[in-house]
Structure formats: C-alpha cells, structure tokens
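Geometric and topological summary
One-letter residues, chain by chain:
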Protein chains: 2
Amino acid sequence: MQKKYVYSFNEGNKEMKSLLGGKGANLAEMTKIGLPVPLGFTITAEACNRYYSESQEISQDITKQISDYLKILEESTRKKFGDPQNPLLVSVRSGAVVSMPGMMDTILNLGLNDESVVGLAKLTENERFAFDSYRRFIQMFSDVVLDIPKHKFDRILEIKKSQKGLLSDIDLTSEDIKAVIEEYKRLVKQETQKDFPQETKKQLLMAVEAVFDSWNNPRAHIYRQLNHIPSDLGTAVNVQSMVFGNMGSTSGTGVAFTRSPITGKKDLFGEFLINAQGEDVVAGIRTPLPISQLEKTMPEIYNQFKNIANLLENHYKDMQDIEFTIERGKLFMLQTRNGKRSAEAAIKVAVDMVSEEIIDKKTAVSRIEPAQIDQLLHPTFDSKELMNAQSIAQGLPASPGAASGLIYFTAEDAVEARKNGEKVILVRLETSPEDIEGMIASEGILTARGGMTSHAAVVARGMGKCCVSGCSDIRVEESEKMLYINSESYGEGQYLSLDGNTGMVYKDFIKTMDPELSGDFAVLMKWSDEIRTLKIRANADNPKDASIAVKFGAEGIGLCRTEHMFFEEERIPMVRKMIVAGNKEERQEALESLLAYQKEDFKGIFKEMGIRPVTIRLLDPPLHEFLPHKDEEIRTLSSQIKMDYKKLKDKIEDLKEFNPMLGHRGCRLAVTYPEIYEMQTRAIILAAIEVKSEENMDVIPEIMIPLIGSGKEFEYVKKMVHETAIGVLREFDTNVLFKIGTMIEVPRAALTADEIAQQAEFFSFGTNDLTQMTYGFSRDDSGKFIKDYKINRILESDPFQTIDEAGVGKLIKMAVDLGRSARPDIKLGICGEHGGDPRSINFCQSIGLDYVSCSPYRVPIARIAAAQARLKER
Amino acid sequence: MQKKYVYSFNEGNKEMKSLLGGKGANLAEMTKIGLPVPLGFTITAEACNRYYSESQEISQDITKQISDYLKILEESTRKKFGDPQNPLLVSVRSGAVVSMPGMMDTILNLGLNDESVVGLAKLTENERFAFDSYRRFIQMFSDVVLDIPKHKFDRILEIKKSQKGLLSDIDLTSEDIKAVIEEYKRLVKQETQKDFPQETKKQLLMAVEAVFDSWNNPRAHIYRQLNHIPSDLGTAVNVQSMVFGNMGSTSGTGVAFTRSPITGKKDLFGEFLINAQGEDVVAGIRTPLPISQLEKTMPEIYNQFKNIANLLENHYKDMQDIEFTIERGKLFMLQTRNGKRSAEAAIKVAVDMVSEEIIDKKTAVSRIEPAQIDQLLHPTFDSKELMNAQSIAQGLPASPGAASGLIYFTAEDAVEARKNGEKVILVRLETSPEDIEGMIASEGILTARGGMTSHAAVVARGMGKCCVSGCSDIRVEESEKMLYINSESYGEGQYLSLDGNTGMVYKDFIKTMDPELSGDFAVLMKWSDEIRTLKIRANADNPKDASIAVKFGAEGIGLCRTEHMFFEEERIPMVRKMIVAGNKEERQEALESLLAYQKEDFKGIFKEMGIRPVTIRLLDPPLHEFLPHKDEEIRTLSSQIKMDYKKLKDKIEDLKEFNPMLGHRGCRLAVTYPEIYEMQTRAIILAAIEVKSEENMDVIPEIMIPLIGSGKEFEYVKKMVHETAIGVLREFDTNVLFKIGTMIEVPRAALTADEIAQQAEFFSFGTNDLTQMTYGFSRDDSGKFIKDYKINRILESDPFQTIDEAGVGKLIKMAVDLGRSARPDIKLGICGEHGGDPRSINFCQSIGLDYVSCSPYRVPIARIAAAQARLKER
C-alpha cells in the first residue's frame, strides 16, 4: 500500500503532532470535537523529509495525493480551485511540531488568478475587495515563494498613491488596484523571467515547496539550535479553505489566550479587529480592541467563543492561545495551541490548574520551563522607570539580574566606595581573580571583553550578581578611569544601570525590585521537592552565600572554594608571603597566620549550614594567580614582606606557566607544599570542633581534594589530610565525622575511578575542568573559536553550559560505574556550572548521581529541573 | 602443610628465580649440574614479602626453617656454627630476581665470635688470619647490619697503625689485631648500647633482616623505579659456607666473563688475585691480574675454570659473568649470571651465538635491550680525547649524541655561523619554536632551563641532535651573549663540547666519531624485520630527515609537521603577514606566496620517500607562536609588512592565549580560517602531481587533520580538504591516491572514535597531547612538580616517556575498538614521542596498532622493540 502523505482535518487528532505538526494536529483535533474549523488538509512532515531526501523535489505520488485531497476539498466546499464563478481559495501555512520563528508562516488567498478574482468579486459582491485580495496575494506569494523583495511592491503602490494624490490604500479604487496588479505582474516577470503563475494547482505546489524550503533557512536553523530541536523533524503544511474576516462589519478576526500570559490570571486575554484579516492585526495600521469589547460588539459570538475557549482549555488541560475569524456573523476557529507565558504566569497557571483539578501536581511541575524562572530569582528594574530609561550599549547577558550604581574602575575603589555606603557598578576591561573583592562589593559588573564563560561571567553567576560581559560597544580606559560609549564619556562616580537578562546598559539610575519567592512559587517548589530524588546543593564560598543557598532550599554545600578567601585585603599579603617563601619554615610561618582567618571562614559557613553537609575544596589555583604582576605592586609587596625586589620579581617570573590550566595546581600543590593542605585541614577541623562546642551542633565537613588523576596520588594526599585531621581531633580529644573525597575533573581520574574510589568516600564531578580537558578547550580562550563552531553547526550547544553527553558525559558515566564497582556506597555529585543547567541535571539523574550543586541563585531552578528529570524517568 | 621458605642449593634450579632470586637459582643450578659450589641454602623472596606484611619481623616458622637448614649445613660440612674447634662460617648475600645496586650485598665470615675465632685459627693454623677475619667481620656486620659508619672503625685501625708507626694493615701482628677487635667491640657497645652479638644464630638472623630491610632502602627503590622493577618482588637471601681465597699462595679469587663485555669477542675476560678475598678486588688496594695470567700461575685450575665457563655458557646459552674462589688449590664457583655488556658487545654476542648455533635468531633479537642501542646511532666522542677532556658542568641527558662546536647565543647567529662553515653549539636559557632554524644549524644545544621534555629536548630528539637541557650549573646571559659556569665565563665563538648521553658539558673541542650501522648491527636489524608485524615509520619534517629515516629503515613517514616549514627565514614574514591579515583576501594573498614554498617542501619529501606513505599533518600550533613578541621585532615586522605598529602590536596582544595548549590551534584554525588548510592541501596535491610526472612515481600522501574532537568537526574539515584536493586533481585532469585521517590526541576524540572513524581513513594517536590532556599535565610546566611525584612514588615513570597504560592507554584502547567497529580496515598508528619507546611499542603491539612512528634516529630501536613485542605476544 502506498504511504499516506496527506490527511484531511477530519482524519487526524492532537496525538499526531509529529506527523501533522502542531498546527495541523490541533486543527484536526478541533474538527474532531466538532468546533467550527474551515475545511482543509495537512501535508505531513514526512513529506517534507522525503522532499529533502529527493533533492528538494515533491515526488509524483505526493503531488497525486495533494490533488486528490484538493478534489475532496472542492467537493466538500462546493467550490472549485481557480473557478471563475465560485472559486476555492485557501490559506497555506507551515506547521512544524514546534512553531518556529523564521519559517514561512502564511500565504492567504491562494487560488486567486486573473479569472478566479472575477468569481470572488461576484461571490462577495465586492469587486474592490476581490481585486485588493488578489493584489495582496501576488505581493505575499512573490515575497515568500518567489523571493522578490516586498519593498519593490510597496514602491509600486506608493507611486500609484502619489500619482493619485492619495494617502491611504483604502482610498484606491478597483481600477487603481487593477492597474497596480498589472504593475505587480510586470515586476514578477522582470524579476523571475516568468509570468506570475496563473495555474492555481501550480501556485499551491510552489507554496508547499516554499514551506518545505523555509524549514532549512538560517533563521529557523539557529532557532532550532538555540532550542535544541532536532533538524530532521521536518515541517507539515496546512492547506485550509479561506474564511474572510474582512467582509464587512459582521466580520472580524482576533487572537485570545484563555488566561493572561503575563500574570496567569484566569480571564480571556486578547484582542480583535472588525472587518479585518489576520495580517491587519500584525501590520499594526489599525489598533485592535481588547477581547472583552467583543461582548458588547457581538454578544452571541463572544459567548460562543468564550465557551469554545473554555472547552479547549479543558480539553487540552492547558492555557490556550486561540486564533479565530468571524465571516459574516459566523465564528471560525483557525488555530489553538498551548499559550506561551511569562515565568510568573507559568507558575500561577500551573498552581491554579491544580486547585481547579484540571491537572495534577506532577503535571504542574513538568509544565514549568526551569530556565525561565531564573528571571524571578533576581532583582528586576521597575518597569515604569525602565520605559523612560536610555539604553546606551548592549553586551552579553552574562549573569541575570538588574543593577544600578556608581561607576568604579578598580576593585580597590569599588571596595572603598562600598564601605562609604555607595552602590557600585564595577567597570573593567576584563576581570581576574584579583578583582573578586571588588566584585563582591559591587551591585553589577560590566566588562568590555570576555564571553558568557569569561571570569567575570562565571564568578558573577556564582555570586548571583548581575553582569554584562563582552560589551564591545564600550571602550574602557582603566588607567584614565574613563568609560567611552560612542562619543560620550563616563567617569568615576557617574550612574550606570545594567540588565543582566538582556545585556542592556542604561544611562542613569533605575530603581530595582527584589524577587518575591513566596505564594505560588513556594507551592511549586514544595511539589518539586516531593517528586525529586536528586539532592540539590549550592556552591558557596562564604557565610553570606551559604545563607542565600539555604534560603533558596539548598540541602548542603557541594563546593566551597577556599581560594576566594585568600584574596581578601587583609590576607593577601600573607598569602603572597607564603607563596614566595624561600623554605618550608618561612612558608609555615605565613600559613600559621592564615590559619586563624581560614578557621573563621569555615566557622561562619558551618554555622549557616548547620547539619547540612559542606564540601570544602582545598586550594586549587596555581599559586601565581595570587601574585601581583605590575612592577609597582611588586615593589609594594617587596616592602610589605621585606623581600628584595629583584629576588621577588625573579620568583614571580619563575612561577609563571605556559598553560596554568594544566599546571602546578590542585593536589599537585600539596605534593610539593604539604603544609598548605595541612593548614587548611587544620582550619576545617578546628572550625568544626569550635562550632560543635559553641553551638552544640554536629557539622559535617567533607574535605575535597582537587585535580586528582590517579589512585596513588589520591592515597598520598588523603593520607596527609587524614593524619592532620586525626591529629587535631586527638589534640582536643574529641570527634568530628568528616569525609575525604575528590573532584573528578581530570579525564584520567574518570578512567581510573575504581582505583580512586578505593580510597575516596565521595566524588564530585568538576565538569568545568573536565570539559576543558576532555575537549581540549581552554575556557579562557575558546570564545574565539566556539562561535565559529556554532555558526558552522559543528557544535550544537556550548559544552560549558550543557554537559556534552557523548564525550564528557561518557567519561562521567564510566567514572560512576567504576566508582560504584569499587565502593558501592560512594557519594556522587556534580559541582561544575552544569549543576544548574536543566538538561545537564536530567543527565545527572539518568546516570544516578546523588546530588547536583549549583550557584545559590540557581537552586530553585535545579529543584524543578530535578523533579522534572525524575518524572521523565518514570 | 607448612609453606617452604628455605631451599637447600640442591633443592632448586635456574627456573626458580622468582622464588630464590637470581643468585640463589644459579647457585642451585650449578650445584645441580655438579659444579663445585660451597654448600648452602636460600631463604626465599616470599619470606621477604612475609617479613614486610608482618611489620618487619621474621616469623617463628621461618626462623625454625632457617635453623633446620643450618643444622643440615652443619652436618654436611661437618662443622658447627660458633664451634670453638671446627666452626662453620657462612657468607650472607642478598639475591633479588634482578641484582640491584644499593641493596645490601655481602657479609663474609659470619659465625665468627670470641670463641669460634680460636677454632678458625686452629683450623687454618693461622692465628693472624683468623683474627683479621674476625676484625673484618665485625666491621662489615656493624656497617651493614648495625648501621655504624665504617669510618669510625677505620679510624680505630688508623690510630693503631700510627701508634705502632706502621703504614700497612699487613704489618699488624695478631696481638695488634686482637687489641683492635677490643676497640671495635667497645665502639659497637657505645653506638648500640649493646654488645656485639656473640650468638652466631642471632648474627645470622640479624643479617637476614638487614638484607630484607635493604630491599626498601631509597637507593634500591630509585633503581627499581628507573628500571621498572615492581616493588613487591622482594629479595631472597643466600647463606653459604665460606671458602677462603686468602689462605696463602695456593688460594685466590676472581671474576670472569665468558666473552668480552666491551667488544663481545669470544675470549675469557676478567681478572684474579692470588691470596685474596673478593672484597680485596673491590677495595682496589692490590691490582688484579688478567685472567689469562692464571694459565701460567695455576694451569690446572685455569683449564678447569675454562671448561666450567664454557659449560656454563652453553648451559645458560648466554654470556656468563662468573665469580670464583680457589681455596688451597681447590676451585669453587660462587656465582654465575648473564653478563652485562655494552651495546656493541650485545649485538656481537647475539649474532655470534646464532652462528655458533647456541641460540636461534628470535632469541638473538630478544637479547638486545632496545634502549641500549641508542648510543650506537649517534656520534660519540673519541674515547682517547675524552679521557683528557675537562668537564665543567652537568645537565640532563636530553638527546643522545656528542657534539663539539663554537658557542652562539641566538638562532640568527647560529644560522650565520653555520653559513660560514662553523660548527655551532647553540646556548640558550631555553628554546622556543622561533629557534628551530638555529637548532637545525647547530651540532648541539645546551639550555639552562627545561626538563627532559622541554621544547629543546623534544625538538632535538626529533632531529637526532645532541642536547643537554636544564643545566642548572650554568648561567646564560642572553643579552650579554655570555655563559657563566662557576667563576669562568664563555663568550661567543669559544669552544664547548656536549655529551647528550650523560648530560656532561666539556671545555674545548673534542673529536667525535660517526656511528657504524653495518655488519652485525645490520644482520640483527634484518632478523628483527623478519619477526615484527608492526610497521615502523619516522617523524620527519624535511627531505634531510626523510632521507635519514629511510637509511634507518623507516617504512614511511608517520608525522610530517608542517609548522616547522613555516619558520624558515624567507617565509616567516609571509606567515606573519598571513596571520595578522585584516581580512580573508589579505590572508589569501599571503598564503598564495607560501604555497610555492610548501609545494617544494612536500616534493622534496615525496622524492625521498618514494612509494612509502607520507602522513602530513596540517598546521597545528596556535598562530601566536609564529609572531614576534619583542618590541624591536614587532617594529621590524611592522615595516616589513607595512602595517601600523600600534595596530600590529594590538593584534599580537589579541592573539595571546591563557592556555595555548587548549586554545585556538589544530583544526580549529581551519574552522576560522579555511584558507590555511586549503593552501596546504593544494600544496600537497600539487607536489604529488608534479613528483608523479617528474619521477613517474605514485606517491601516497596521507593528509592528517590535527586536534579533532568530534565526528562533526572532522566531517566539516574533511569536506574542505577533500573538495580542495579533488578540485586540484580535476584542474590537472589527473589522479593521486590520497587518504584523509586524523590525529587522536584530544580525549574526546578517543571517546567518540566510532563517530570519527565513519569519516576518517586513518587514526594516528598523538600521545604527547593525549597524555597532556588526559593527565591535565602541561608538558611545558609539569617539570616543576613531576619530580616531586617521582620522589614520593606517586608516579612510577614519566607518562611523557612511556605510555600510561592505565589511563592514556585505556583511552587509546577504547579508540582502537570504537574505530575498528565503525571502519574495520581503518589504519591505526601512533606518532607521539612514545612511538620510539620500547615499552610503549610493546603496548602498541598488544592493542593491535598497524604502525608506530618515531624520530628517525630511533627507528632501529623501534624495529628491535617491535620484533621483541611480537615475540612476547606468542
């Protein structure tokens, strides 16, 4: 039997989305449940795929099926395609599974030609309407099918109007329009060397091909890429007999949501136009009326529509976005689909629908797009003030939130200004670890260089701080402390506002509003927590972040980096002294003075976290990251620590590395300088002992050794840490339950995870570094070429944002299996940036991790994503 | 039944090495075949391991077995341990499977105490001999068992001599010696708070423990590490009744090889001393006589020994190193083992033994230590001149060979001097890719910084050029063009000589001699080639290296790097112009002018290689490596290429990377700048076409795309290369068989090798980079900490020298399996430094690679190693 490529609307239903596309399936469904849908048929997505597999030609058997269905349509409508008496006119619309901007949308009035236009005139008793429809059809068809720029047609129309001294199209007579049509046809002939197609069936096939072609145009491609839609789905094409909303005052057209897509409130939300076609609404020439007005204008139609809307929402069990047309007092449904909505609306609709008993809690949770709620977790600009704000530049939306403050150009100045109670916007060419304190002191960060994964972006996201990075519109002269945008300059202490959700930079101060996490949001979080099995921890390096993490529902700290603590103003000289120490004694002396600080750091965090586990990573970055590089700073340090300038400079030079990422860092530091990890371990255990006695609270430190590459290496460093910890406990004759585990971030660690697991009590996948090494992509440098990789479709998504399952994921999976084989109860988590990415969380669930850890501000997102991952699993 | 921990010499044989150690097994074997071996027994290596597993105590059952065997020994010798009438004296010697410097070697005369010494005097009728033996025993035992420094005993002896006004020990009387013994015993008491052990059985057990302990001393440990000997083998202990070579003129002792260990000539080679014990030979107080003299001194003994030597060689089927003692006219065999030999001797002995029909060819091939023959493949210093040479510093033996020449401090000066016919030694702080031409122009390279895998070391090894790196004894002031060693300074144009085998640096000129590769060497190579199944290719970047590779027996080029070609003086400005080009057109223009050069490069190589396959790797390093960094050089370039200085400097700044290793390089360059690979592909195919027409020879270019990380990426770049190649072939209407494949050097490539193999016709494992990324070790930086890893036993061997089988090897194995699953006939090779490392070659054979590729100078080593790997496999 021949394969079926065409389905009449009464042959399908809403389950057939993958074949009929979203639009086609819903048209079929509405037909099935008896709603007034203009007759028509759908050409399947499979036909589209076949079109591509057969060098972009529609095969004969498909053409035949289209003809057959056209004949049925003619019979049902009692009209004939191209008929000069009673012509059938159709709309042709694309209909992919997911609607996609960039794809060809709609051609209306297809079937009009020099003959049928006369029939339409007769039928509607309105010659001007008929010819104007024909004119519009030629223009639309030429634009989207024949690829003739629209403006060329507009120009013809403009000339005609100016010849006649008219201002509006509406004032053109039938004769004027006929003349314009002739000009249009001449233009088509000139541009395509062919006459405008008069044969209606040919028009139809050309339109179908144009829809198929648009599946692969660049914009559609990019959209698919951004939204992770596979490229081989194909699109269906819907052919539907026309109804006219522009046939006088008893006709009209409109769009409505069953609930507000902005607030989620349960009220019809939408607008309509009397005597108009859909495109008039879009064109914006006339201002549509709110849908509530329809009740006054056409009360019966309004009630009919309201009932249908209700019925559709209950039928689809979701908020609907509905298109309708009224033709001479008769209501037709042209489309229904699940309505897009704001994060706020998404949450309200989901929660309301559960109380209305339309859906259950699980469905409610699965309805939320986790990434979308990010915007609810950060401050936003007051929308009224924003309307009057003047945008002056745009960079990358590197870290969400909104911030207003005074410009400062150095970390020191930012810290100082903060102390004076000012709100600070830190503006830098790019940031480095030395700027951490300045970043902490700021409301938002703006950098001229660096991508979405630059230092500024990563650190700001971790802090939940607004950041706009890689803003090439600006020029930062750090030495002058000046910022230049276009011809204007901005100095220290001037106001600036940043929107981290859009990357926009605004002049002056704009009021911000804090996020509201109670009400429906809290309800949904509770439901998510009931569903999920993955634990959610946060990455937090200080008591403040720890407290935010707890507020957002974190069940522990998955990554507490100790290096940020080293950068604080009071400590950094001691840190530097320790690094450049000539021998172990000097180093130990400097470390001794750091011990007290570190202990207090840990105590603060332990107190915030209580009995929740806290994973503390011992020192990770290469030591040279802590050292100054400018001559002036070196001189200052030289006198601070009383070390000869030349000797100090040589030492700093000596520590430089070609590839710091693969250099002397992580546990490698502990092999060379055991006293560093010994001090940190001592500080952790002392802090735990003191919190235990002060607060009578058993804290659970998990000591994490970074950058492990082999079982032997772990054994060696673990022994050092373990002996130190036990030593401290003996000293105080007390006990603290602590664990020792490792980051799995070096490919070799994943490959030999069984060896490592023999000693390690937990693994935490450091997916940032693991991705860097598995791909051989330096995060600091790959911005330069990753964009080319995306443009050329070599990379579907940025592996630093979403775990690369085929490569990095394979390694993680290996490590999980090997690790569990050696130690069945090993605790497994992830603490890279990926820990807050919903798709990556789904992967973590699928391979059976125990927890994910992410920035405190992403904890709620992770909670929902984890619940959804669990639901998918079932 | 109880486990047997002690074996009498007549219970074992030579197959029991792993249990009895080499020495013990051979003593048993000699006993078994009826040779005169003093009676004794062996305590097994298992006893040693048990000693370690039981907190370094000898368990009771083992003690019991030792006592039992001691009793048997007493009965057989009719002597008694500690007996004042007829005392049994024994030697105690360690005996690991492989003899190991650093381990306790020998204690002689054990069993002497205050009573038995009297018995010995009676027995030998020589009181002075007996007491001197006792004195020596106390000293030796105290040194190795009680850990009392030898010099303290020497001092007592010296005082005694000076008191008596004597010069030599021999002049001391029995009474003197007795007095010395008393002093010795006092010293022991003072140092150990205990009396010198008089109980002979206790002496024995203490000696056995000392042997066991010495298994784990640092020197032995380092030796095992260097020689890849597992740490858990343990050592056996041999207890043997004493015979005395120092009982007068009919006694003596000696050592002899059955053939010359230097030349391999078939003649007894060795020396002996009359009236002496083994330690006298070692002490060097008396000069031993050549073994041939024994024929005159003791003709019967000589003949008996000669026969035994012959018998042993035929029995063991290898050249033997034999120790013997003559006691009052009776010959005793104390040890036999396979003799260590020079590379030259190894080859001669192996080949001779085949013609003597003692061994077959396979055995001959398996006898050669592949690494050892390296010294035969490079120039060496004239040994006479070397004897008078003055060594002034020592660095790392980074690349073998010997070189003498005039010092130059910059690549340019070296090139210039070379043009004037001078021999050059390039002296640098460290080298960078910009120095390549200077390195080519030099005889040898000396650097102050950098390890065995620094740029200088790697490049020099590739060139087969002598290099001493990381020579911290020297100070190089590049700006002054001066070299300082200790207090002396060396300027440009002064002579210097380097030995790359030892790392020694000599003053003045020393004559060098070229290697000789004919004769026995050639025969052995032929045999290796008959056995091996792995193909051997060479890494060669120019016609000269290609020609050396062919001379050394390479069957193709496995890696032809194209970047070295870019550094040549004439081209580098064009390369730089191409890199800083503002747009595609400028870039293409610069590339156009490089095309002719590249084509000639490839033609030259193709002509040398003929129909042997040549794998050409397209451009790999990040572009900034080609750019100058000093202001002065930037200015020069700015005028050369007519580009504004500031703009050029900014561009250079822009191209800098944080981690170049993981940056914009390899195929990533081709994604951004396709025109570079297009030019190179064009040059390759044009070269092939021209060589085909000029020489009527079908060359086989294999185009290799570096740094591939995914199937999509390979597909993308392959398409570009393939289309370019096909385009050129169409242009000339001809055909050339070419292949397109990839390096597997990024972990992700190994993990997704099946995807890549769908498109790639060959894989070449780039194990250098693969090791860097799998371990997360930057080769340029890891020198700083890898040494700590070795000292602390975290790393057994340098993963850049020998493939890390557990980690990197696991990835390679995965890639092999995945690759073959997708493309069964895929060609698989390896082109990292590991390609020339015998242990790594063994691994390559075991996972079924098709070929290994290494430096031309290592090709013969690889041929032997491959043959041995094949033999092991059977």
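Residues numbered from 1 in each chain as written. Chains lettered and ligands numbered in written order. Predicted model: local features only at pLDDT ≥ 70, side-chain atom pairs only at ≥ 80, totals over all residues. Heavy atoms only, no water.

**A word on the pairing of strand β16 (residues 402–408) of chain A**
Residues and elements named next belong to chain A. Here β16 lies mainly inside the structure; 7 of its 7 residues are buried. Bridge count for β16 against strand β23 (residues 495–499) is 5 bridges, and the pairing is antiparallel. Paired with Gly 405 across the bridge in β23 is Leu 496. Note that β16 and strand β17 (residues 424–428) share 3 bridges and pair parallel. Of the residues in β17, the one forming a bridge with Ile 407 is Ile 425. (Buried < 20%, exposed > 50% of the residue type's maximum accessible area, 1.4 Å probe, protein only. Helix = DSSP H or I, 4+ residues; strand = E, 2+ residues; numbered from the N terminus. Pairing = 2+ DSSP bridges.)

**Quick notes on the sheet that holds strand β31 (residues 762–765) of chain A**
Residue and element names in this part refer to chain A. The 8 strands lie next to each other as β26-β27-β28-β29-β30-β31-β32-β33, forming a closed barrel whose pairing is parallel. Each neighbouring strand pair of the sheet contributes to a mean axis angle of 30 degrees, computed without reference to strand direction. Where strand β26 (residues 535–539) meets strand β33 (residues 851–854), 4 bridges bridge the pair, whose relative direction is parallel. Among the inter-strand pairings, Arg 537 is bridged to a residue of β33, identified as Ser 853. Here helix α27 (residues 674–695) sits on the sheet in contact with β28 (613–617) and β29 (700–705), set at roughly 170 degrees to β29. (Axes fitted to C-alpha atoms, helices over the stretch in contact; angles between N-to-C directions. Contact = heavy atoms within 4.5 Å.)

**A look at the interface of chain A and chain B**
Listed as interface residues are 48 residues of chain A and, on the opposing side, 48 residues of chain B. Both sides of the chain A and chain B interface together cover about 4,400 Å² of buried area, and 56% of this is carbon and sulfur. Together, A:Leu662, A:Arg748 and A:Ile794 form the three largest contributors to the area buried by chain A at its contact with chain B, with a combined 14%. Residues B:Lys712 and A:Glu796 are paired through a salt bridge, measuring 2.8 Å at the closest nitrogen-oxygen approach. Taken together, the connections running from chain A to chain B amount to 34 residue pairs in polar contact (both at pLDDT 80 or more). Elements that contribute at least two residues to the side of chain A that touches chain B include exactly α25 (645–655), α26 (667–672), α28 (711–731), α29 (747–751), α31 (767–775), α32 (783–791) and α33 (805–822) of chain A. It is α33(A) that provides the largest number of residues to the side of chain A that touches chain B, a total of 6 residues. Class assignment for the residues of the side of chain A that touches chain B results in 21 nonpolar, 12 polar and 15 charged. (Buried area = accessible area lost by both parts, 1.4 Å probe. Salt bridge = Lys/Arg side-chain N within 4 Å of Asp/Glu carboxyl O. Polar contact = N/O pair within 3.5 Å; in protein donor to acceptor, adjacent residues only side chain to side chain. Nonpolar A, V, L, I, M, F, W, Y, C, P; charged D, E, K, R; others polar.)

**What about helix α16 (residues 411–419) of chain A?**
Three or four residues apart is the spacing at which side chains of an α-helix point the same way, because the helix has 3.6 residues per turn. Residue and element names in this part refer to chain A. Restricting attention to buried positions, one finds in α16 the residues Ala 411, Asp 413, Ala 414, Val 415 and Ala 417. Looking at the buried positions of α16, the neighbouring elements they touch are β16, β17 and α17 (436–441). Just downstream of α16 lies Gly 421, where phi reads positive at about 80 degrees.

**Notes on the packing of aromatic side chains**
Residue and element names in this part refer to chain A. Throughout the structure, instances matching the rule amount to 40 aromatic pairs over all chains. Of the aromatic side chains, those joined through ring pairs into one cluster are Tyr 775, Phe 777, Phe 785 and Tyr 789. Here the guanidinium or amino end of Lys 4 rests over the ring plane of Tyr 7, the centre of that ring lying 4.6 Å away. The aromatic ring of Tyr 484 is capped on one face by Arg 475, whose charged end is 4.5 Å from the ring centroid. (Phe/Tyr/Trp six-rings, centres within 6.5 Å; stacked < 30°, edge-to-face > 60°. Lys NZ or Arg CZ within 6 Å of the ring centre and 35° of its normal.)

**Quick word on the sheet that holds strand β21 (residues 482–485) of chain A**
All names here are of chain A. Strand order in this open sheet of 3 strands is β20-β21-β22, and the pairing throughout is antiparallel. Taken across any chain shown, the strands that pair with only one partner, and hence form the sheet edges, are β20 (474–477) and β22 (488–491). Here the average twist between neighbouring strands, direction ignored, is 20 degrees. Pairing of β21 with β22, which is carried by 4 bridges, proceeds in the antiparallel orientation. The residue bridging Tyr 484 from the neighbouring strand is Ser 489, located in β22.

**Describing the relation of the copies chain A and chain B**
Each copy of the sequence occupies a distinct position, and chain A is placed on chain B by a rotation of 180 degrees and an axial shift of 0.0 Å, giving an RMSD of 0.2 Å. Both chain copies can therefore be described as sitting about a two-fold axis. Measuring from the rotation axis to each C-alpha of chain A, the shortest distance belongs to A:Asn659, at 2.2 Å. Here 100% of the contact residues of chain A are again contact residues in chain B; the copies associate through an equivalent surface. (Least-squares fit on C-alpha atoms with pLDDT ≥ 70 in both.)

**A few points about unusual backbone geometry**
Negative phi characterises most residues that are not glycine, and trans characterises most peptide bonds. A positive phi angle, close to 50 degrees, is found at A:Glu125, a residue other than glycine. By the element assignment, A:Glu125 lies in the loop between α4 (116–124) and α5 (127–144). On the basis of relative accessible area, A:Glu125 is assigned to the exposed category, the value being 74%. One non-glycine residue with positive phi stands out, namely B:Asn109, at about 65 degrees. Take B:Asn109: it is sitting in strand β6 (residues 106–110). Classification of B:Asn109 as buried rests on a relative accessible area of 2%.

**Structural notes on the pattern of salt bridges**
Evaluated as defined, the whole model comprises 142 salt bridges over all chains. Among the ionic pairs, A:Glu478 bridges to A:Arg428, the shortest N-O distance being 3.6 Å. A residue pair is termed long-range when its members are at least 10 positions apart, and A:Glu478 in the loop between β20 and β21 and A:Arg428 in strand β17 qualify at 50 residues. According to the relative accessible area criterion, A:Arg428 is buried, its value standing at 13%. Between B:Lys14 and B:Glu15 there is a salt bridge, and its shortest N-O distance comes to 3.3 Å. Its relative accessible area of 61% is what places B:Glu15 among the exposed residues. Residues joined by salt bridges that share partners form a network here, namely A:Lys599, A:Lys603, A:Lys607, A:Glu690, A:Glu694 and A:Glu695.

**Focus on the side chain of B:Ser174**
All names here are of chain B. In this structure, Ser 174 sits in helix α7 (residues 174–192). A relative accessible area of 12% means that Ser 174 is categorised as buried. At a separation of 3.4 Å, a polar atom in the side chain of Ser 174 contacts the main-chain amide nitrogen of Arg 128.

**Observations concerning the pairing of β6(B)**
All names here are of chain B. Among the 5 residues that make up β6, 5 are buried, leaving the element largely enclosed by the rest of the structure. Strand direction decides the pairing type here: strand β5 (residues 90–96) and β6, joined by 3 bridges, are antiparallel. Pairing of Val 92 across the sheet is with Ile 107, part of β6.

**Brief notes about the packing of α4(A) against α5(A)**
All names here are of chain A. In the contact formed by α4 and α5, the axes pass within 7 Å of each other and the chain directions differ by 145 degrees. Between α4 and α5 lies a crossing whose hand is right-handed. For the pair α4 and α5, contact is made by Val 117, Leu 120, Ala 121 and Thr 124 and by Glu 127, Phe 129, Ala 130, Phe 131, Ser 133 and Tyr 134, respectively. Residues that form the contact of α4 with α5 fall into these classes: 7 nonpolar, 2 polar and 1 charged. (Left-handed = near helix turned anticlockwise from the far one by under 90°.)

**Details of the environment of B:Lys465**
Residue and element names in this part refer to chain B. Assignment of secondary structure puts Lys 465 in the loop between α18 (455–463) and β19 (466–469). With sequence-adjacent residues up to four places away left out, Lys 465 is seen in contact with Ser 399, Pro 400, Met 439, Ile 440, Ser 442, Glu 443, Ile 445 and Ala 460. Of the polar contacts made by the side chain of Lys 465, one reaches the backbone oxygen of Ser 442; its length is 3.0 Å.

**What to know about the state of the cysteines**
Residues and elements named next belong to chain A. Applying the stated criterion to the full structure yields 0 disulfides over all chains. Just so you know, Cys 471 is unpaired, no disulfide at all, and the nearest cysteine sulfur is the one on Cys 467, 10 Å from it. Residue Cys 471 is classed as buried on the basis of its relative accessible area of 0%. The thiol sulfur of Cys 560 is not disulfide-bonded, and the nearest other cysteine sulfur, from Cys 831, lies at 11 Å. (Disulfide = S-S within 2.5 Å.)

**What about the packing of α5(A) against helix α6 (residues 150–164) of chain A?**
All names here are of chain A. One can describe the packing of α5 onto α6 by two numbers: an axis separation of 9 Å at closest approach and a directional angle of 155 degrees. As judged from the angle between their axes, α5 and α6 are roughly antiparallel. Together, Arg 135, Ile 138, Gln 139, Ser 142 and Asp 143 of α5 and Lys 150, Phe 153, Asp 154 and Leu 157 of α6 make up the contact between the two elements. Per-class residue counts for the contact of α5 with α6 are 3 nonpolar, 2 polar and 4 charged. (Parallel < 35°, antiparallel > 145°, perpendicular 65-115°, else oblique.)

**Re the side chain of B:Thr124**
All names here are of chain B. Following the sequence through the fold, Thr 124 ends up in helix α4 (residues 116–124). Here Thr 124 falls in the buried class, since its relative accessible area comes to 8%. Aside from chain neighbours lying at most four places away, what touches Thr 124 is Phe 129, Met 247 and Arg 328.

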